[in-house]
Amino acid sequence: MTDDERIAEEVVVDGLTFVPFLKRDEIRRQVKRVASELRRDLEGKRPLFICVLNGAFIFAADLIRECGINDCSVTFVRYKSYEGMSTTGNVKQLVGLTEDLTGRDVVIIEDIVDTGLTAKQMIADIKKQGPESVRFVTLLHKPASSKTGFTPDYAAFTIPPSFIIGYGLDLDGKVRNLKDIYVIKE
Ligand SMILES: O=P(O)(O)OC[C@H]1O[C@H](OP(=O)(O)OP(=O)(O)O)[C@H](O)[C@@H]1O
Ligand code: HPA
């Protein structure tokens, strides 16, 4: 491992300290596992992957390439509800879809299901548009934080209800670039 790739012992963002939680090798292994489950379940289909911006951009890029389904399409939506480490409870769609979803096999790709409020609203929005099927895949699932009872179809990791950053996940827009995932130091 080069210096550039060394995992920081802690990361300080806006005065808050985070420590290593999920390392890049383990992330890569679990992304491969979920990709192989998706590849099996989507056999013979032409899926439309919908990446939920901003947080899912890194996971989606890795997952879609691992799936190895050449006859797929990729598009993006953007939803926002967090300020700092908490949801406002107000899930806003900032960017919508232009594709026709009628008859499509849709795969929604999220970075995290926390309260489940974003997932619930997004799935309702997408189902109104007449897809053949909707699958929901997330990198991280925090079941103990759920306010909705929503359970994703695929999750790379099931984690406790602490705030995390890295690999696309932010604190007020910062540190999405980190290659590993860090958890707030209690
Ligand atoms: O289950 P929930 O409690 O709804 O939380 C999950 C959502 O929160 C984050 O989005 P955020 O609003 O922070 O926007 P971002 O993706 O641009 O960071 C994350 O990307 C999910 O979309
Ligand atoms: O734990 C989290 N970290 C970053 N963004 C989030 N959005 C929901 N939960 C989280």
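Going by an unreviewed UniProt entry, the chain carries the name Hypoxanthine phosphoribosyltransferase and comes from Lepagella muris.

This paragraph deals with the packing of helix α1 (residues 24-41) against helix α2 (residues 57-67). As a packed pair, α1 and α2 sit with axes 8 Å apart at the nearest point and diverge in direction by 50°. Compared by their axis directions, α1 and α2 come out oblique. α1 and α2 meet at a crossing whose hand is right-handed. Each of V31, K32, V34, A35, L38 and R39 in α1 lies in contact with α2, whose residues at this interface are F59, D62, L63, E66 and C67. Taken together, the residues of the contact of α1 with α2 sort by class into seven nonpolar, no polar and four charged.

Moving on, we get to the packing of aromatic side chains. Going through the model one piece at a time under the given rule, you end up with two aromatic pairs. Between F136 and F150, the aromatic rings sit 5.0 Å apart at their centres with planes inclined by 75°, giving edge-to-face as the arrangement. Residue F136 is found in strand β7 (residues 133-141), and its partner F150 is found in the loop between β7 and β8 (154-158); the two are separated by 14 residues along the sequence. Each of the two residues, F136 as well as F150, counts as buried.

Moving on, we get to unusual backbone geometry. Here the bond from L53 into N54 is cis, since omega is 0°, no more than 30 degrees from zero. Its identity is not glycine, yet D14 carries a phi of approximately 50°, on the positive side. Tracing the backbone through its elements, the reader meets D14 in the loop between β1 (11-13) and β2 (16-22). The class of D14 is partly exposed, set by a relative accessible area of 48%. Even without a glycine there, the phi angle at Y167 is positive, about 50°. One can find Y167 in the loop between β9 (164-165) and β10 (181-184).

With that settled, consider the site of ligand 1. Residues in close proximity to ligand 1 total 18 residues, the closest being Y82, E110, D111, T115 and T118. Y82 has a polar side-chain atom sitting 2.7 Å from an oxygen atom of ligand 1. One of the side-chain nitrogen or oxygen atoms of D170 is found 3.0 Å away from an oxygen atom of ligand 1. Protein coverage of the free-state accessible area of ligand 1, which is 500 Å², stands at 97%. Those elements that provide at least two residues to the shell around ligand 1 are β4 (73-83), β6 (105-113) and α3 (117-127).

Take α1 next. Given a rise of 1.5 Å per residue, 18 residues ought to cover 26 Å, and the 26 Å separating the end C-alpha atoms of α1 matches this to within 8%. Listed in full, the buried residues belonging to α1 are R24, I27, Q30, V31, V34, A35 and L38. One face of α1 carries all of its buried residues, which in axial projection span an arc of 145°. Away from its buried face, by an angle of more than 90 degrees, α1 presents the exposed residues R29 and R40. Among the structural elements, β2, α2, β6, β7, β8 and β10 are those in contact with the buried residues of α1.

What counts as what
Residues numbered from 1 in each chain as written. Chains lettered and ligands numbered in written order. Predicted model: local features only at pLDDT ≥ 70, side-chain atom pairs only at ≥ 80, totals over all residues. Heavy atoms only, no water. Axes fitted to C-alpha atoms, helices over the stretch in contact; angles between N-to-C directions. Helix = DSSP H or I, 4+ residues; strand = E, 2+ residues; numbered from the N terminus. Parallel < 35°, antiparallel > 145°, perpendicular 65-115°, else oblique. Left-handed = near helix turned anticlockwise from the far one by under 90°. Contact = heavy atoms within 4.5 Å. Nonpolar A, V, L, I, M, F, W, Y, C, P; charged D, E, K, R; others polar. Phe/Tyr/Trp six-rings, centres within 6.5 Å; stacked < 30°, edge-to-face > 60°. Buried < 20%, exposed > 50% of the residue type's maximum accessible area, 1.4 Å probe, protein only. Near = heavy atom within 4 Å. Polar contact = N/O pair within 3.5 Å; in protein donor to acceptor, adjacent residues only side chain to side chain. Areas by Shrake-Rupley, 256 points an atom, 1.4 Å probe, with all protein chains shown as cover. Expected span 1.5 Å × (residues − 1). Arc of directions from axis to C-beta.

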